[in-house]
Structures are given as structure tokens and as C-alpha cells.
Amino acid sequence: MSRFWSQVAKDLTPYVPGEQPKIANLIKLNTNESPYPPSPKAVAAILAELGSDGARLRLYPDPNADLLKQAVARRYGATPDQVFVGNGSDEVLAHAFQALLKHDAPILFPDITYSFYPVYCRLYGVAHETVPLTDDFSINPANYIGRRNGGIIFPNPNAPTGRELALDAIADIARANPDSVVVVDEAYIDFGGNTAIPLTRRFDNVLVVHTLSKSRSLAGLRVGYAIGHPDLIEALERVKNSFNSYPLDRLAIVGAVAAIKDDAYFAECCRKVVATRDTLTANLAALGFDVLPSTANFVFARHPQRDAAELAKALRERSIIVRHFKLPRIDQFLRITVGTDGECQALADALRAILN
Ligand SMILES: *Cc1c(COP(=O)(O)O)cnc(C)c1O
């Protein structure tokens, strides 16, 4: 704190991302990155854009990233005016809070969810109310119906639980709240979930947000996008163009376009993650863990007899890091990213040793 801080800076409670430790030979299962490299076509496109002398970096990128909007639109059967792109989906979400969720009534989101949402609420002065998940940690759509709100947001599958909400439940929420935007944060949808993108054609109040950070192995490139009615997209563009004209750099645009187009590679990576997740879930269950059903690239698990923080600490001593949240209702859970088969086997072996 210093006398130079504005009241805004003083009042913030910043988000704390999972750590990115600078330790070699770590098994890193704490921030839901992909264990596989990005599409070779994305890498080639980035290298081609860079060229041998990097001369193209002299020039600003396309402020509208039209090539990327076209690629996303084509991939998902939308039109480019139904697509918004940003510097990671966190930025897309941030703009959605300001452009679409800031109204008089409080917005609604689950009590256990992506912990960036309350941070954005504070940054932008958006009132919110949390809606408890059920005892089995799922979203009950009825709790979002018949309740005054300025908007609704949740991840699907939810984070950090991994549980998915069915599309007809999302449709029910959208139909019951025609004057609110329903933001569906699909950061983890590609690992076996059903995307709500088709709902964006039926409902003018549904905005679906995706990231290239997880299923496309490009967390380091920082690209996310939203799909929705052109009026929703226009609001996001207005905020974006009042904040940063060039959120996506040249390398990010070409890399993202190539990654979106390489469906075969993408499908293969997702398939491997899902197969490993199923093995990991079975191994954890065999060790006595309760594992929530996951359609994400992570599992959320608790051991009935062992303290989660102590398990996380013991794993760390064996150079394996997982995520533990010191939060009500979930402080006995570990969120474990699905790594390679080898990484998940090492995790299971380490847990077996710790539990004995
Ligand atoms: C990882 C994640 C994001 C952010 O992804 P970026 O595109 O890397 O900013 C958004 N929402 C949820 C629920 C996530 O887990």
C-alpha cells in the first residue's frame, strides 16, 4: 500500500493463479494445461509469421483478428459477427462482466466455481449473489429460475468440480431469463462435454466462451473467444475497443487459426486426455478416493480419511503438484490435472506410498 494507490487499486482482491514453479522435473498437475504440445501446424504458422528476421513484428496486427474470427466461425457453424476474440478467455470474460453483466440486479453464479468471477465483480463493481451447488456438487437449474438477476455465469463443466450441466438445463435457464445474459464458460468442454454453441442460435441471451489454453495446448499463446448473438458480440467489441485495440498479437492470431483448423490433431489430444482421465479416476477410486464424475481435463477427488492439504504437501515433497483450495466445502478436495499416462501413474504410485 502506498499513498500513490487509487481507491480502485486499494479495494481490489486480485485473483491468484496456480503457481508456475521454476523447478525442473516437476510433475505439474495443478493448472489444467495440456500435457501434449500444440498442433505442429500451429507451431509452423507461428514460425512462418516470425520469419528469419522477425520483420513482420514491426507492424501492428489486425485489430479485428478477422482471420481468426473466420476460422472460429467456420469451425462452429457461426458467422464472424457472432464471434469475439480476446487475449485468453479470461480477457473475454472480463469484457463480458463489464459489457453484459453489469446491471442493477446482482448476477448469479455457483458458490463453488471459477474464482476469477468474484474478482471481476469487484474490479467492475458488479453486484453478485452465489447459488449453492447441491450436496453432490452439481448445479441445480431450478435455482437460477424465477430469481431476479442482472446476468448468470457458470463454467460448464464447472470448475473446479468437473461436473457437467446438461444442455436442456442450460436452455431452461436461458428461456426463464430472457432479459439476462447467460454466459457459459466452456474452458473444459472439449473433453467429452456437450457445447452450448447450438443454443446461441436459439437464444439471443446465451454467450459461450472458449479458450485455446486447455484442449488446444496453447495456454502460453493467450487466445480465447466467445460465440453469441451479434448484439452481444458488439457490446464486447465496444468495451474491447475502449481498452486495447490489439489484444491478439501477430503470432497468436496465426497460431490460433492453424490450431482451430487442425481438427484431427485436436481430436486425438482430447481422446488421449479422456482415456487417461478414466484410468486416473479408476486408480484414485482403488486408493479409496471419492472422485466426482468429470467431463474436464482434471478430476476433483477427496480421501475420506486423509487431509487434503497434507496430501498435497506430501505429493509436493515427491515433486508432484496438484491444486488445493482452502475454501469452504471443498477444502478436503484435490484438483488433479490429467497429465500423460506416465504422469498420472506416477501420481497414483506416490499417493499409494503416502497413504500406506
Ligand atoms: C482456464 C480457465 C479459463 C481461462 O483460460 P485462459 O483462456 O487461459 O484465460 C477460464 N475459465 C475457466 C473456468 C478456466 O478454468
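**A look at the nonpolar core**
- Counting residues in each nonpolar core, the largest one holds 53 residues, and the members touching the most others are Leu-68 and Phe-154.
- When residues of this core are assigned to their parent elements, the largest contribution, seven residues, is made by helix H9 (residues 250-261).
- Per-domain counts for this core show at least three residues from each of domain 1 (7-37 + 264-355) and domain 2 (40-262).
- Setting aside residues up to four positions removed in sequence, Leu-68 forms contacts with Val-85, Val-223, Leu-248, Ile-253, Ala-256, Val-257 and Ile-260.
- Listed in part, the 36 residues of the second largest apolar core include Phe-266, Cys-269, Ala-314 and Ala-350.

**Concerning the packing of helix H4 (residues 88-101) against helix H8 (residues 230-240)**
- Between H4 and H8, whose axes approach to 9 Å, the crossing angle comes to 105°. What the angle tells us is that H4 and H8 run roughly perpendicular. Contacts between H4 and H8 involve Val-92, His-95, Ala-96, Gln-98, Ala-99 and Leu-100 from the first element and Leu-232, Ala-235, Leu-236, Val-239 and Lys-240 from the second.

**A word on helix H5 (residues 116-124)**
- The set of residues buried in H5 consists of Phe-116, Tyr-117, Val-119, Tyr-120, Cys-121 and Tyr-124.
- Among the structural elements, H4, strand E3 (107-110), strand E4 (128-131), strand E5 (152-155) and strand E6 (182-185) are those in contact with the buried residues of H5.
- Directly beyond the C-terminal end of H5, a positive phi value near 65° is found at Gly-125.

**Regarding the site of the ligand**
- Close to the ligand lie Gly-88, Ser-89, Asp-90, Leu-93, Tyr-114, Asp-185, Ala-187, Tyr-188, Thr-211, Ser-213, Lys-214 and Arg-222.
- A distance of 2.7 Å is found between a nitrogen atom of the ligand and a side-chain nitrogen or oxygen belonging to Asp-185.
- Note that an oxygen atom of the ligand is positioned 2.7 Å from one of the side-chain N or O atoms of Arg-222.
- Expressed as a share of its isolated accessible area of 390 Å², the protein-covered part of the ligand is 92%.

**Let's talk about the sheet that holds strand E9 (residues 290-291)**
- Strands sit in the order E9-E10-E12 across an open sheet of three strands; the sheet is antiparallel. Strands at the two margins of the open sheet, each flanked by one partner only, are E9 and strand E12 (333-337).
- Relative to strand E10 (residues 298-302), E9 runs antiparallel, the two sharing two bridges. The residue of E10 that forms the bridge with Val-291 is Ala-301.

**A short note on the domain arrangement of the protein chain**
- Under the domain assignment, the protein chain is made up of domain 1 (7-37 + 264-355) and domain 2 (40-262).
- For domain 1 versus domain 2, the distance between C-alpha centres works out to 24 Å.
- Summed over both sides, the interface between domain 1 and domain 2 buries roughly 2,700 Å², with carbon and sulfur atoms accounting for 63% of that surface.
- Between Asp-111 and Arg-329 there is a salt bridge, with its nearest N and O atoms 2.8 Å apart.
- The interface formed by domain 1 and domain 2 contains 13 residue pairs in polar contact (both at pLDDT 80 or more).
- In terms of residue count, the dominant contributor to the side of domain 1 that touches domain 2 is helix H10 (residues 263-286) (seven residues).
- Of the residues contributing to the side of domain 1 that touches domain 2, the split by class is 19 nonpolar, seven polar and six charged.

Thresholds applied
- Residues numbered from 1 in each chain as written.
- Predicted model: local features only at pLDDT ≥ 70, side-chain atom pairs only at ≥ 80, totals over all residues.
- Heavy atoms only, no water.
- Core = buried A, V, L, I, M, F, W, Y, C linked by side-chain atoms within 4.5 Å.
- Buried < 20%, exposed > 50% of the residue type's maximum accessible area, 1.4 Å probe, protein only.
- Helix = DSSP H or I, 4+ residues; strand = E, 2+ residues; numbered from the N terminus.
- Domains from an automatic or database assignment.
- Contact = heavy atoms within 4.5 Å.
- Axes fitted to C-alpha atoms, helices over the stretch in contact; angles between N-to-C directions.
- Parallel < 35°, antiparallel > 145°, perpendicular 65-115°, else oblique.
- Near = heavy atom within 4 Å.
- Polar contact = N/O pair within 3.5 Å; in protein donor to acceptor, adjacent residues only side chain to side chain.
- Areas by Shrake-Rupley, 256 points an atom, 1.4 Å probe, with all protein chains shown as cover.
- Pairing = 2+ DSSP bridges.
- Buried area = accessible area lost by both parts, 1.4 Å probe.
- Salt bridge = Lys/Arg side-chain N within 4 Å of Asp/Glu carboxyl O.
- Nonpolar A, V, L, I, M, F, W, Y, C, P; charged D, E, K, R; others polar.

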